[in-house]
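Structure assessment
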Amino acid sequence: MPASPMHADEARIDDSLVRRLLAAQFPVWADLPLKRVESSGTVNAVYRLGDDLAVRLPRIPAGAGDVEKEGDWLPRLAPLLPFAVPEILAIGVPGEGYPWSWAVLRWLDGELPVPGRLPDAQALAVDLGRFVAALRQVDLPGGPPAYRGGPLTAVDAETRSAIAELHGVIDTSAATAAWEAALAAPRWTGPPVWVHSDLMPMNLLTHQGRLSAVLDFATLGTGDPASDLIPAWNLLPAEARPAFRSTVGTDDAMWARGRGWALSMALTQLPYYRTTNPVIAANAEHVIGEVLADL
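Residues numbered from 1 in each chain as written. Predicted model: local features only at pLDDT ≥ 70, side-chain atom pairs only at ≥ 80, totals over all residues. Heavy atoms only, no water.

**A few points about the environment of E96**
By the secondary structure assignment, E96 is in the loop between β4 (88–92) and β5 (102–106). Given the relative accessible area of 39%, E96 is considered partly exposed. With 76 residues separating them along the chain, E96 and R20 place their C-alpha atoms 6.7 Å apart. For E96, the contacting residues outside a window of four places in its chain are L17, R20, L21 and A24. (Helix = DSSP H or I, 4+ residues; strand = E, 2+ residues; numbered from the N terminus. Buried < 20%, exposed > 50% of the residue type's maximum accessible area, 1.4 Å probe, protein only. Contact = heavy atoms within 4.5 Å.)

If you want it as structure tokens, here you go:
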């Protein structure tokens, strides 16, 4: 877990606050053992509650609406997906000095996958492809726009700003060329489909190397499916990418846009988290290297 706050507007969250919230709103769980989960997550603080529960609290205003969004959509999505997703058991309201909604969830066991240390990368690639393909095929009307469901041009300015900020840290000429190649890919012209749009390694759980659960659906919504291709570069080695790609089913344009999303995310993450979240920063460096090597 990062040793210092990652965001200027981050709420102060500690064991005492969580205990007070539970006692005031869900006293049946208030006396269970409570332990903060060491996590590289950037938006939520997570506590394990007893053996079977978790408490999840947004750290920043940008995450304030996530609890209600997930509470609305996850129960409808869960039966349609091939892997476990979070199950919200109760939603808490602001109180005890904490300003936003928060949630008690069922605990999901598993291990976070680590790039370069995957026991069976080919099998995991197929598992990830199955999840992405199943989510795309969901037929639930009225979904919100996905956080990364629009065109890459929406993040062009911030991506170029990050490249400039990384001068002397990465090969900015190569990064610019890679980014412009992604921007040149044909846009998505199909109907909006469901996407998770934040399939980072810290949002995946595995058991014996196989995918067991997908976490954190805050960025869930509908749009261009390209953003769900990011595990090809943030987690999977080059030799496992074809298995992922064939299982998902994607054309060259979508693959190029997916690579662009992976690159843009990494470029913006690296300067922002370089001193506050070493896990995210290390993954960002990894992604940049993988994308530039893949062209």
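Let's pick the thread back up.
**Quick notes on the packing of helix α4 (residues 156–165) against helix α5 (residues 172–183)**
Working note: a packed helix pair is described by the angle between its axes plus the distance between those axes. As a packed pair, α4 and α5 sit with axes 10 Å apart at the nearest point and diverge in direction by 165°. Viewed along their axes, α4 and α5 adopt a mutual orientation that is roughly antiparallel. Here the hand of the crossing between α4 and α5 comes out right-handed. Touching D156, T159, R160 and I163 of α4 are T172, A175, T176, W179, E180 and L183, all from α5. When the residues that make up the contact of α4 with α5 are grouped by side-chain class, the tally is 4 nonpolar, 3 polar and 3 charged. (Axes fitted to C-alpha atoms, helices over the stretch in contact; angles between N-to-C directions. Parallel < 35°, antiparallel > 145°, perpendicular 65-115°, else oblique. Left-handed = near helix turned anticlockwise from the far one by under 90°. Nonpolar A, V, L, I, M, F, W, Y, C, P; charged D, E, K, R; others polar.)

**A closer look at helix α2 (residues 66–77)**
A rise of 1.5 Å per residue sets the reference length of α2, with its 12 residues, at 16 Å; its end C-alpha atoms lie 16 Å apart and thus fit the reference within 8%. Regarding α2, the residues found buried are D66, V67, K69, E70, W73, L74 and L77. Projected down its long axis, α2 shows its buried positions confined to an angular sector of 150°, all on one face. Tucked inside the fold, the buried residues of α2 contact β3 (53–58), β4, β5, α3 (121–136) and β6 (193–195). (Expected span 1.5 Å × (residues − 1). Arc of directions from axis to C-beta.)

**Describing helix α8 (residues 252–273)**
With 22 residues, α8 should reach 32 Å at 1.5 Å per residue; the first-to-last C-alpha distance of 31 Å fits that figure. Counting buried residues along α8, 19 of its 22 residues qualify, which places the element largely inside the surrounding structure. Where α8 begins, the side chain of D251 points an oxygen toward the backbone nitrogen of A253, at a separation of 3.3 Å. (Polar contact = N/O pair within 3.5 Å; in protein donor to acceptor, adjacent residues only side chain to side chain.)

**What about the sheet that holds strand β1 (residues 34–36)?**
Within a sheet, each strand pairs with its neighbour through backbone hydrogen bonds, oriented either parallel or antiparallel. Within the open sheet, the 5 strands sit side by side as β1-β2-β3-β5-β4. Their pairing is antiparallel. The open sheet terminates on both sides in strands that have one partner only, identified here as β1 and β4. Between one strand axis and the next, the sheet turns through 25° on average, direction left out of account. The pairing of β3 with β5 spans 4 bridges and is classified as antiparallel. Paired with R56 across the strands is A103, a residue of β5. Each of β3, β4 and β5 is contacted by α2, which is oriented at about 145° to β4, the strand it contacts most. (Pairing = 2+ DSSP bridges.)

**Focus: the side chain of R56**
In this fold, R56 is placed in strand β3. For R56, the side chain forms a polar contact with the side chain of D216, separated by 2.9 Å. In contact with R56, other than residues within four places in its own chain, are N44, A45, V46, E70, W102, A103, L105 and D216.

**A closer look at the nonpolar core**
Core analysis: the biggest nonpolar cluster contains 64 residues, and F131, F244 and L267 have the highest contact counts within it. When sequence neighbours within four positions are dropped, the list of residues in contact with F131 reads L81, P82, F83, H196, L199, L211, V214 and F217. One finds L22, L34, Y98 and W100 within the second-largest nonpolar core, a separate group that totals 21 residues. (Core = buried A, V, L, I, M, F, W, Y, C linked by side-chain atoms within 4.5 Å.)

Interpretation in functional terms is not warranted from these geometric data alone.
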